[in-house]
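# Topology and contacts: notes
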There are 2 protein chains.
Amino acid sequence: MTASISPAVLTQGEQAQGQALLPSWNDGPTKRSIVDFVRRVTTTGGPQFVKLEDRIAVFDNDGTLWSEQPVLFQFAFAIDRLKALAPQHPEWKDKQPFAAVLDGDMKAVVAGGEYAIAELVMVTHAGTTTDQFSRIVQDWIASARHPRFDRPYTELIFQPMLELLAYLRANGFKTFVVSGGGVEFLRVWVERVYGIPPEQVVGSSIVTKFEMLAGVPVLTRLPKVNFIDDNAGKPVGINMHIGRRPVAAFGNSDGDLQMLQWTTDNTGSRFGLLVHHTDSVREYAYTATPLGKLDVALMEAKANGWTVVDMKRDWNRIYPFEANE
Amino acid sequence: MTASISPAVLTQGEQAQGQALLPSWNDGPTKRSIVDFVRRVTTTGGPQFVKLEDRIAVFDNDGTLWSEQPVLFQFAFAIDRLKALAPQHPEWKDKQPFAAVLDGDMKAVVAGGEYAIAELVMVTHAGTTTDQFSRIVQDWIASARHPRFDRPYTELIFQPMLELLAYLRANGFKTFVVSGGGVEFLRVWVERVYGIPPEQVVGSSIVTKFEMLAGVPVLTRLPKVNFIDDNAGKPVGINMHIGRRPVAAFGNSDGDLQMLQWTTDNTGSRFGLLVHHTDSVREYAYTATPLGKLDVALMEAKANGWTVVDMKRDWNRIYPFEANE
């Protein structure tokens, strides 16, 4: 359905731009497919030219723009938040999934399934105003550290993807995050970290309610799911929020499958890309997490001509804090 | 709660810019309040300076950016759509509210209340894919004509508000539509008519469902309300979609009250404005429609220092097709 990628040799200018703007991408078919796509959609008068206003690119977050191991970073936030709230909730000592989290028994939490995770999310994400929640996330982002790398979570972002965001923007693309993560968790830091403004973030959400409290208007976060922006929810969220079909989509799991299908099925040139985590030394090597896997999407990649990044092979640098080779 | 508007005299440059960019606004306190607000939030180093990325302005649509008489234009669309579908639904001849619509008895439709209107909306807005619906709206917008002015509905837009949109954008504002109307009805034409791209439109919506139909990914519109972006829903929609609090809000009815409260309650300079329809000759004079009224918001305007436009007094031109005085 997507146009097959032409094996055309890149011009010197394109090679130079790709080199300058994508230095952490090794030369090879993966990088070439990106630069080639950008050339095709930006060539005025060309058969696959895309008008400036239609250059919409959507990026999954967990595992695509930043790491998601050993647990989803927002899950780490929920655990820390639960611990902070525990003194006010002595009953949690005897109640699952709270007791398991407080004991550090993550296997028991995950074994509790979706219901346990939903309970955990509600207790740690609802019950405040939106302004209060924003400050709570801000404080956590500023203080929490990744267990393996001992750095703030916002440093565990992928340098090649930062370059890709900049490269696309330099070519007139508007970049959006489309994440299964909570939209109000993401918005606190994505602008600073990815250069993507809050209004270009699509995510999962809980219900909020407008109230006047002592003459002050607030939005209160209720313990009720509003929207799950994952799997078949991603095209729905994209349509709801962006209102036009993207021309490029970037993901790393089956949760991104429908987003890639929706993006790449259309007239003209479209681009789909999956990040495959293959580097156990510099990052992690896996095809599944307790909350998702890369399986169907990887098979579909072949059928649809999507690009698959082999992190170990294709990226000469993973994180910004690594020295460039 | 909002800062009171200073009675400061505008500089010659500001007067000139206001004059050049807001020619359809008569001189007076209304126009002055707009130009004064823009000066305060764009004065670098000033006490009410607002950073470029926070210059978010939100506009209601029906009655604020275009007319809403004799019926909401989207309601006119629903009626025309029902008539187009009627041959496939002989049972509608004996069933309300459909029979009333087909007989042209709008009083009976409105008397049926919210339930009748919801039924009408679902039958005329659901049951297609998003792409099909977009084409249906496009065709209607291109062919339907306003009963009094005998012009396409998209010409019944307010020239002074077009100038205001341009004036704010010239001063670094990002402009959004925040409408009780259907988001997918609006997105088809707002970019061409207001210069506002689809991703800057917040509105009401029905549920959509992602499906693969014969290998083609589609979003099907289901007969189920997803979100009502009116009254207390407007701040919720703004927060969900934009993710930051606007600094300026423009409306014309009590349905915009909470949006104005949410916008103007904050530190620094904020701006709220209500359009009061007072011109029965050039447009319409009213404070209530069957679907809403301007009552509480008008009282709150005084208490909160919001600007109230008196159309007859403040606008020397209503529609773009009128000759400029």
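Use the structure listed above.
For the rest of this paragraph, the subject is the pairing of strand β2 (residues 174–182) of chain B. A regular strand places its side chains so that they alternate between the two faces of the sheet. All names here are of chain B. For β2, the buried fraction is high: seven of the nine residues fall into the buried class. Note: strand β1 (residues 56–59) against β2, four bridges, orientation parallel. Residue pairing in the sheet places Val58 in a bridge with Phe176 of β2. Relative to strand β3 (residues 201–213), β2 runs parallel, the two sharing three bridges. Counterpart to Val178 in the pairing with β3 is Val202.

It is worth spelling out the sheet that holds strand β1 (residues 56–59) of chain A at this point. What the seven strands build is an open sheet, ordered β4-β3-β2-β1-β5-β6-β9 (chain A); its pairing is mixed. Every other strand in the sheet has two partners, leaving β4 (216–227) and β9 (307–310) of chain A as the edge strands with one partner each. On average, each strand axis in the sheet is tilted by 30° relative to the strand beside it, whichever way the strands run. Across the sheet, helix α6 (residues 113–125) of chain A is in contact with β3 (201–213) and β4 of chain A; its angle to β4 of chain A comes to roughly 175°. Across the sheet, helix α11 (residues 233–241) of chain B is in contact with β3 and β4 of chain A; its angle to β3 of chain A comes to roughly 150°.

Moving on, we come to the packing of helix α11 (residues 233–241) of chain A against helix α12 (residues 257–264) of chain A. Residue and element names in this part refer to chain A. Axis separation between α11 and α12 bottoms out at 7 Å; the angle between their running directions is 55°. Judged by the angle between their axes, α11 and α12 are oblique. Residue-level contacts link Lys234, Pro235 and Ile238 of α11 to Gln258, Met259 and Trp262 of α12. Taken together, the residues that form the contact of α11 with α12 break down as four nonpolar, one polar and one charged.

As a further point, take the environment of Lys209 of chain B. Residues and elements named next belong to chain B. Along the chain, Lys209 falls in strand β3. Between the C-alpha atom of Lys209 and that of Leu156, which follows or precedes it by 53 residues, the distance is 34 Å. Each residue touching Lys209, except ones within four places of it in the same chain, is listed here: Val218, Leu219, Thr220 and Leu222.

Our focus in this paragraph is the relation of the copies chain B and chain A. What relates the pair of chain copies is a rotation about an axis plus a shift along that axis. For the pair chain B and chain A, the best superposition has an RMSD of 0.0 Å and corresponds to a rotation of 180° with a translation of 0.0 Å parallel to the axis. The operation mapping one copy onto its partner corresponds to a two-fold rotation axis. Judged by C-alpha distance, His241 of chain B is the residue of chain B that lies nearest the rotation axis, at 3.3 Å. The fraction of interface residues of chain B whose copies in chain A are also interface residues reaches 100%, indicating that both copies meet through the same surface.

What follows covers the interface of chain B and chain A. The partner chain A presents 40 residues to the 39 residues of chain B that form the contact. The largest contributions to the chain B side of the interface with chain A come from Glu199, Phe210 and Met240 of chain B, which together make up 20% of the buried area. Here chain B and chain A share eight salt bridges between them. Between Glu191 of chain B and Arg244 of chain A there is a salt bridge whose closest N-O contact spans 3.3 Å. Viewed at the interface, chain A and chain B are joined by 19 residue pairs in polar contact (both at pLDDT 80 or more).

Moving on: helix α7 (residues 130–143) of chain B. Residue and element names in this part refer to chain B. Compared with an ideal rise of 1.5 Å per residue, which puts 14 residues at 20 Å, α7 spans 20 Å between its outermost C-alpha atoms and is within 8% of the ideal. Every buried residue of α7 is accounted for by Thr130, Phe133, Ile136, Val137, Trp140 and Ile141. Around the axis of α7, the buried residues are gathered within 130° of arc, so they sit on the same side. Turned more than 90 degrees from where α7 packs its buried face, Asp139, Ala142 and Ser143 sit exposed.

Hydrogen bonds along the backbone pair up the strands of a sheet, which may run parallel or antiparallel. Residues and elements named next belong to chain B. Taking strand neighbours across the sheet as the criterion, the seven strands line up as β4-β3-β2-β1-β5-β6-β9 in an open arrangement whose pairing is mixed. Since the sheet does not close on itself, it has two edges, and those belong to β4 (216–227) and β9 (307–310), each with one partner. Shown here is a sheet whose adjacent strand axes are inclined to one another by a mean of 30°, direction ignored. Strand direction decides the pairing type here: β1 and strand β5 (residues 248–251), joined by three bridges, are parallel. If you follow Val58 over to β5, its bridge partner there is Ala249.

About the criteria used
- Residues numbered from 1 in each chain as written.
- Chains lettered and ligands numbered in written order.
- Predicted model: local features only at pLDDT ≥ 70, side-chain atom pairs only at ≥ 80, totals over all residues.
- Heavy atoms only, no water.
- Buried < 20%, exposed > 50% of the residue type's maximum accessible area, 1.4 Å probe, protein only.
- Helix = DSSP H or I, 4+ residues; strand = E, 2+ residues; numbered from the N terminus.
- Pairing = 2+ DSSP bridges.
- Axes fitted to C-alpha atoms, helices over the stretch in contact; angles between N-to-C directions.
- Contact = heavy atoms within 4.5 Å.
- Parallel < 35°, antiparallel > 145°, perpendicular 65-115°, else oblique.
- Nonpolar A, V, L, I, M, F, W, Y, C, P; charged D, E, K, R; others polar.
- Least-squares fit on C-alpha atoms with pLDDT ≥ 70 in both.
- Buried area = accessible area lost by both parts, 1.4 Å probe.
- Salt bridge = Lys/Arg side-chain N within 4 Å of Asp/Glu carboxyl O.
- Polar contact = N/O pair within 3.5 Å; in protein donor to acceptor, adjacent residues only side chain to side chain.
- Expected span 1.5 Å × (residues − 1).
- Arc of directions from axis to C-beta.

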